[in-house]
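Tertiary structure, described
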Amino acid sequence: MNMLKIKLLFVVCLFFSLNAFAQNNSNEQLTTKFQQYVANNFQEKMFVHTDKNFYLSGETLWFKIYNTDIATNKLATVSKVAYAELLNIENKSVLQATIELQDGTGNGQFVLPLTLPSGNYIFRAYTNWMKNFNEELIFHKTITVVNVFDKNEDTIKHSLKYDIQFFPEGGNLVNNVQSKVAFKAVNNFGVGINFQGKIVNQNNEVITTFSPQHFGIGSFLFTPNSSNTYKAIIVTEANDTLTFNLPTIYNNGYVMFTEIKNHNINISVQSSSEASNETMYLIAHNNKAIQINNAQNLQKGKTIFSINPSLLNDGVTFFTIFNSSNNPVCERLFYKRPQPKEFVEAKINNQQFNNRDRVSIDVLSYNNQKQPIVSKMSISVFKTDALQTDDVLDIQQYFWLTSNLKGNIENAGYYLNEANEQTDAALDNLLLTQGWRRFNWNDILQTSQKELKYLPEFESQLITGKVVNKTTLLPAEGIGIYLSMPGKEFSFTTAITNSKGEFVAVLPKVSNKTSLIAQTNNRADSNYRIDINSAYWNNFSSWKTPEFSINKNVERGLNNYGLSVQSEYIYNPQPIYLQTFHYTPFYTNSDNTYLLDNYTRFTTMEEVMREYVIGVSVRKKSGNFIFNSLDAPRFQFFHTDPLILLDGVPVFDADKIIATDPLKIQRIDLVTRRFFYGPFAFDGIVSYTSYNGKMATSALNKESLLIDYDALQQQREFYSPKYELKENKESRVPDYRTLLYWSPNVHTNKDGKTNIDFYTSDLEGNFVALIQGLTQNGEPVKSIIKFKVAK
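Every value quoted in this text rests on a predicted model; they were computed, and no experiment measured them.

1. Comments concerning the overall build of the protein
- Scanning the protein from N- to C-terminus turns up nine helices and 47 strands.
- For the protein, the spread of C-alpha atoms along the principal axes amounts to about 110 × 85 × 55 Å.
- Classification of the 791 residues of the protein by burial places 53% in the buried group.
- Pairs at least 24 apart in sequence give 71% of the contacts found in the protein among residues at least 6 apart.

What follows is the structure, given as structure tokens:
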């Protein structure tokens, strides 16, 4: 008997040991796969500070881009290019811009056309690398534009439409298991609605009632029975009665329920099988780092994970429940209110100003030990009223909360500006209704790595495309591609197609260009078609643009805004564009340069080449002109054709250069040596630059492709008049600026300090100065100052 007891005890111990080993092994597998996914899938997160939210057609929309490493929130230096778009309600792009990023930041502007219709638009921004991931993850923001020349009807009086969605905590409704069900109800203008609701079964019996807490969002408890059918009936404040379906009820599954108890986060997991004792796993992660990885067995189909909040990082944490097969079965988001460690403080020289007064703001950035820190920020100072409110999405709201949520968040500041029982409950409901993952667990758990189609643009713009044979329509391999953005300051690059006919080329940095020429060497490869891929993304998120509405009560305010736009066009000086980088051609320095104005002008290009350009041999063969460049290091001429460029575009037929009017050519640059560029080696370069930089198209062959394509946007300087002198202050030139000041480059020094000066306009009213950005440690910071302008 003793021996039997010992054997039984050994078996029991072995069972529990093996069980514990299996649990630990599963935990480690999940952790390892997660860490491998993070290591192999670097992700960026982008925030864009726009100068305001409300515009008139004809105004300029100014913006600053902050591109960060999602894991650290620090500015990311991988991508050197960002793409910004303004989309209409049909997801058609009405404005696009390619923005240079330097050390993770960049800035630009959209000049809204005077013909742009009134409406709500989506401003979105992303990098090429971000296109490898879900389109929901990129930056989105709603922008309102009013065209005062349109007939803007009082759309508030138009019929309202409603939509309500239900979100069971954890993901699903399960038969006979109680769930917390969150809901969100909005109208067609994207505004949350108030209503009274009830859940009824097929017999019209009321199971429970519910109503929203804030912004049309709330929650209720509900135990479904799959033998019944349920409907949600709501009655709006306008006395409209509407009926909606509830989510599907599953016979088998899991439900999670979260509550705060004794200062701990209790996460209850319940199976549809009361007899189940399987092992469940909880993973909690924040900013792509696992914080908690626990395993517990179900007891009669239920278990409770108790989490100490001190173990969680600030901001949004993702709780995911896995079953014993390592399949994710439940998930929800939890928010821990951040405790800022770094700050920006702004002090203004007054609270009320006269027209054309000087405003001075001292800015100080520091940490919680009062030590100065360096911060990169931007500032916008704008008038607030019924059209442009001070409720704008700021960088703290975005990084700490809304970047992890799906869709438009109505008044995100409500959830974060004050912490109390009511806002905590509202925030929890928000996380249940609009929670979103930056990745799919199925992508993490699969054994093969997901193919990443889009390359990071860590040098400059990438141009991609495909070449096919015109006759067979099959991909063409090994074909040389020449790509040019023509002009006096041009960009030129080359590529060779792979086995799929595809190519990738790095475009040297150039700005203020809107056309691209692609061609093969038509003397050798004339039977090919080139297709260029758009740099802009043709995938669109589920972000719903609210219907446009405007009330006639703001008509006077619109007139004032209209005067502001008109006076800007009439009285403001011509825009000043900034040179943010020094242009150099791809060959950097020429070996010889001929400025033709320094010579006696000939009437034919043949004479110019023979008499002045001694670095090029000009001769005829079979009736056609041939150029051969000097090979200066070897004191001889090459025997093959050089690369000939006209305003940056290759010309493969020297006869076309000879036929060019030399009086239109300003300079000729020579590279008199073998020049290696991309996959090519050129036996010399002969580059012609015209006076207007627009002659390239005259020499194109018929196989060439000419398309619209954006180079880097040239930055514009924000015009802010100064009234230091008495004559300027007393000038009768009107100043109706509603945007008093914009600067994308507010940088504190090593002492954490900087100063901002600007002047008020002729407009009276309330104004807001919003300063926001990132510290050197990746902490989002902001400061808001409100002041008044009056006579």
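There is more to say, and it comes next.
2. Quick look at the packing of aromatic side chains
- Counted according to the given criterion, the structure contains 46 aromatic pairs.
- Cluster of aromatic residues (ring-pair linked, three or more members): F166, F183, F195, F210, F220, F222 and Y230.
- For the cation-ring pair, K131 lies above Y83, with the distance from its terminal atom to the ring centre recorded as 6.0 Å.

3. Notes on the sheet that holds strand 9 (residues 162–168)
- Across the sheet, three strands lie side by side as 9-11-14; this open sheet has antiparallel pairing. Each of the sheet's edge strands pairs with one partner strand only, and the pair in question is strand 9 and strand 14 (217–222). Averaged over all adjacent pairs, the angle separating strand axes in this sheet is 25°, with direction ignored.

4. Structural notes on the pattern of salt bridges
- Tallied over the full model, the rule gives 25 salt bridges.
- Of the charged contacts, one joins R356 and D762 as a salt bridge, the two residues approaching to 2.8 Å between their closest N and O atoms. Here R356 is found in the loop between strand 26 (352–353) and strand 27 (358–367), whereas its partner D762 is found in the loop between strand 45 (753–759) and strand 46 (765–775), with 406 residues between them in sequence.
- The salt bridge involving R358 is made with D757; its shortest N-O contact spans 3.1 Å. Highlighted residues: R358 in strand 27 and D757 in strand 45, separated in sequence by 399 residues.
- You can call R358 partly exposed: its relative accessible area is 42%.
- According to the relative accessible area criterion, D757 is partly exposed, its value standing at 30%.

5. Quick look at the pairing of strand 15 (residues 230–236)
- Across the seven residues of strand 15, five count as buried, placing the element largely inside the fold.
- Here strand 12 (residues 195–201) runs beside strand 15; their pairing, made up of seven bridges, is antiparallel. Each residue of the ladder has a partner; that of Q196, found in strand 15, is V235.
- Across five bridges, the pairing between strand 15 and strand 16 (residues 241–245) is antiparallel. Paired with I233 across the bridge in strand 16 is T243.
- Here strand 15 folds back onto strand 16, and the loop between the two strands holds four residues, one of which, N239, carries a positive phi near 70°.

6. Considerations on the sheet that holds strand 32 (residues 502–506)
- Pairing in this open sheet of three strands is antiparallel, and the strands run 32-29-34 from one edge to the other. Both edges of this open sheet fall to strand 32 and strand 34 (528–532), since each of them pairs with a single strand only. This sheet shows a mean twist of 30° between the axes of neighbouring strands, independent of strand direction.

7. Observations concerning the nonpolar core
- Judged by nonpolar contacts, the single largest core of 57 residues is most densely connected at F63, F110, F123, L483 and I532.
- Considering every element that reaches this core, the biggest residue donor is strand 4 (residues 81–87), with five residues.
- Core analysis: the next-biggest nonpolar cluster, separate from the first, contains 24 residues, L596, M605, Y612 and I665 among them.

8. Side note on unusual backbone geometry
- Backbone geometry places N204, a non-glycine residue, at a positive phi of 65°.
- Residue position: N204 is located in the loop between strand 12 and strand 13 (206–210).
- Among the residues examined, N204 registers a relative accessible area of 54% and is labelled exposed.

9. Here we look at the pairing of strand 19 (residues 264–271)
- Of all the eight residues making up strand 19, six are buried; the element is thus mostly covered by neighbouring parts of the structure.
- Where strand 18 (residues 254–261) meets strand 19, eight bridges bridge the pair, whose relative direction is antiparallel. Along strand 19, the bridge assignment pairs V255 with Q270.
- The antiparallel hairpin formed by strand 18 and strand 19 contains two residues in its connecting segment, where N262 sits at a positive phi of about 55°.
- Looking at chain direction, strand 19 and strand 22 (residues 302–307) are connected through six bridges and run antiparallel.

10. A short note on a nonpolar patch on the surface
- Judged by side-chain polarity, V111, L114, V148, F149, Y569, I570, Y571 and V733 come together as a nonpolar surface patch covering roughly 790 Å² of accessible area.
- No other element matches helix 6 (residues 555–571), which puts three residues into the nonpolar patch.
- With respect to the helices and strands, V148 occurs in the loop between strand 8 (139–146) and strand 9.

11. Focus: the confidence of the model for the protein
- Model confidence for the protein is summarised by a mean pLDDT of 91, while 95% of its residues fall at 70 or above.
- For the protein, per-element mean pLDDT is lowest for helix 1 (residues 2–40), which scores 63, and highest for strand 4, which scores 98.
- Scored below 50 in pLDDT, residues 11–18 shows zero contacts in the model against residues more than four places distant or in partner chains.

12. Brief notes about helix 6
- An ideal rise of 1.5 Å per residue puts 24 Å on 17 residues; helix 6 measures up with 24 Å between its terminal C-alpha atoms.
- All buried positions along helix 6 are accounted for by L558, Y561, G562, S564, V565 and S567.
- Against the buried residues of helix 6 lie strand 2 (54–56), strand 8 and strand 28 (375–384).

13. Looking at the side chain of K180
- Tracing the sequence through the fold places K180 in strand 11 (residues 179–187).
- A relative accessible area of 15% places K180 in the buried class.
- A polar atom in the side chain of K180 sits 3.0 Å from the side chain of D428.

14. Focus on helix 4 (residues 421–434)
- With 14 residues, helix 4 ought to run about 20 Å at 1.5 Å a step, and its terminal C-alpha atoms sit 20 Å apart, in line with that.
- For helix 4, the tally of buried residues reaches 10 of 14 residues, placing the bulk of the element in the interior.
- When we look at burial in helix 4, the residues that qualify are T423, A426, L427, D428, N429, L430, L431, L432, T433 and Q434.
- Turning to helix 4, the residues buried within the fold contact strand 9, strand 11, strand 14, strand 24 (328–336) and helix 3 (413–417).
- The opening residue of helix 4 is N420, an N-cap whose side-chain oxygen sits 3.0 Å from the backbone nitrogen of Q422.

The rules we used
Residues numbered from 1 in each chain as written. Predicted model: local features only at pLDDT ≥ 70, side-chain atom pairs only at ≥ 80, totals over all residues. Heavy atoms only, no water. Helix = DSSP H or I, 4+ residues; strand = E, 2+ residues; numbered from the N terminus. Buried < 20%, exposed > 50% of the residue type's maximum accessible area, 1.4 Å probe, protein only. Contact = heavy atoms within 4.5 Å. Phe/Tyr/Trp six-rings, centres within 6.5 Å; stacked < 30°, edge-to-face > 60°. Lys NZ or Arg CZ within 6 Å of the ring centre and 35° of its normal. Pairing = 2+ DSSP bridges. Axes fitted to C-alpha atoms, helices over the stretch in contact; angles between N-to-C directions. Salt bridge = Lys/Arg side-chain N within 4 Å of Asp/Glu carboxyl O. Core = buried A, V, L, I, M, F, W, Y, C linked by side-chain atoms within 4.5 Å. Patch = residues over 30% accessible without salt bridge, like charges linked within 9 Å, V, L, I, M, F, W, Y side chains within 5 Å. Areas by Shrake-Rupley, 256 points an atom, 1.4 Å probe, with all protein chains shown as cover. pLDDT = per-residue confidence, 0-100. Expected span 1.5 Å × (residues − 1). Polar contact = N/O pair within 3.5 Å; in protein donor to acceptor, adjacent residues only side chain to side chain.

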